Amino acid sequence: RTAAGTHVAPFPLPPPSTTNNPSTMAGYITMTRALQVNMVVSALFTVPFFALGAHQFAELLVDGTVKASTFASGPTSPMFTHLLWVDAVKNIFLTGLCYVAQSFPAKAQKQVAYLFMGMWALLLPLFFGVYGSPPIKNSTQIPPPVIAYLAITGVAYALAMVEKPKKKKKAASKKK
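Structure report, in brief. The structure presented is a predicted model; accordingly, all values stated were derived computationally and were not measured. The residue numbers shown here count from 1 along each chain, following its written sequence. In view of the model being predicted, local features appear only for residues whose pLDDT reaches at least 70, and side-chain atom pairs are presented and counted only at 80 or more, with totals across whole chains, interfaces and linings using the full set of residues. Computation of side-chain values: all heavy atoms of the structure, hydrogens and water removed.

This part covers the overall build of the chain. Helix numbers and strand numbers start at the N terminus; a helix is a DSSP run of H or I with at least 4 residues, a strand a run of E with at least 2. Of regular secondary structure, the chain possesses six helices and zero strands. Ordered by position from N to C terminus, the α and β elements of the chain give α-α-α-α-α-α. Buried residues in the chain amount to 31% of all 176 residues. Long-range contacts, defined here as pairs at least 24 residues apart, represent 68% of the contacts in the chain between residues at least 6 apart. Each residue is assigned to one of three classes by its accessible area relative to the maximum for its type, calculated with a 1.4 Å probe on protein chains only: buried under 20%, partly exposed between the two thresholds, exposed over 50%. We call two residues in contact when some of their heavy atoms are within 4.5 Å.

Next comes the structure, spelled out in structure tokens:
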């Protein structure tokens, strides 16, 4: 708190970038809006982990094909639980990154979007066993929450990055 008694954030965000003016953006939505969409979806994706617990969340991710009790027992349970927590912290970090990146200049925001798309490109093959281990033995099903996350955020980034078609100017008619 300051001497006047007002609260001061320990790390205030810079003011929103003036380079993110919608009129200067080429896409159908601004990159700031795409980051907001990703932030909200990421936050919503993280809520069930804390509301249900790590093992119930894992059961949700695999659409019930493996029960929470299986995740919670056995010799690999401590390591699996550890990895679930690492993933949850990663999701919180990504949510925070989307929040902070909203104040970045447009070029930096686009770089953040490319990093997200790169992450997806590297993670998607996991669901098909490309790296040697599908998430569920003999299954190549992508979990419904992952499909929703990728679809919503992917569309938002695509709308922000794709160039809007330029309006054709009508030729001025000449009066004789």
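Let's pick the thread back up.
For a helix, the expected span equals 1.5 Å multiplied by the number of residues minus one. With 18 residues, helix α5 (residues 106–123) extends 26 Å from end C-alpha to end C-alpha; this agrees with the ideal 26 Å at 1.5 Å per step. Summarising the contacts, the buried residues of α5 are in contact with α1 (31–52), α4 (77–101) and α6 (144–161).

Side-chain rings of Phe, Tyr and Trp (the six-membered ring for Trp) are treated as a pair once their centres are within 6.5 Å; stacked means planes under 30 degrees apart, edge-to-face means over 60, and tilted covers the remaining angles. Overall, the coordinates contain nine aromatic pairs when judged by the stated rule. By the ring-pair criterion, three or more aromatic residues cluster together here, those being F45, F49, F50, F57, W85 and Y149.

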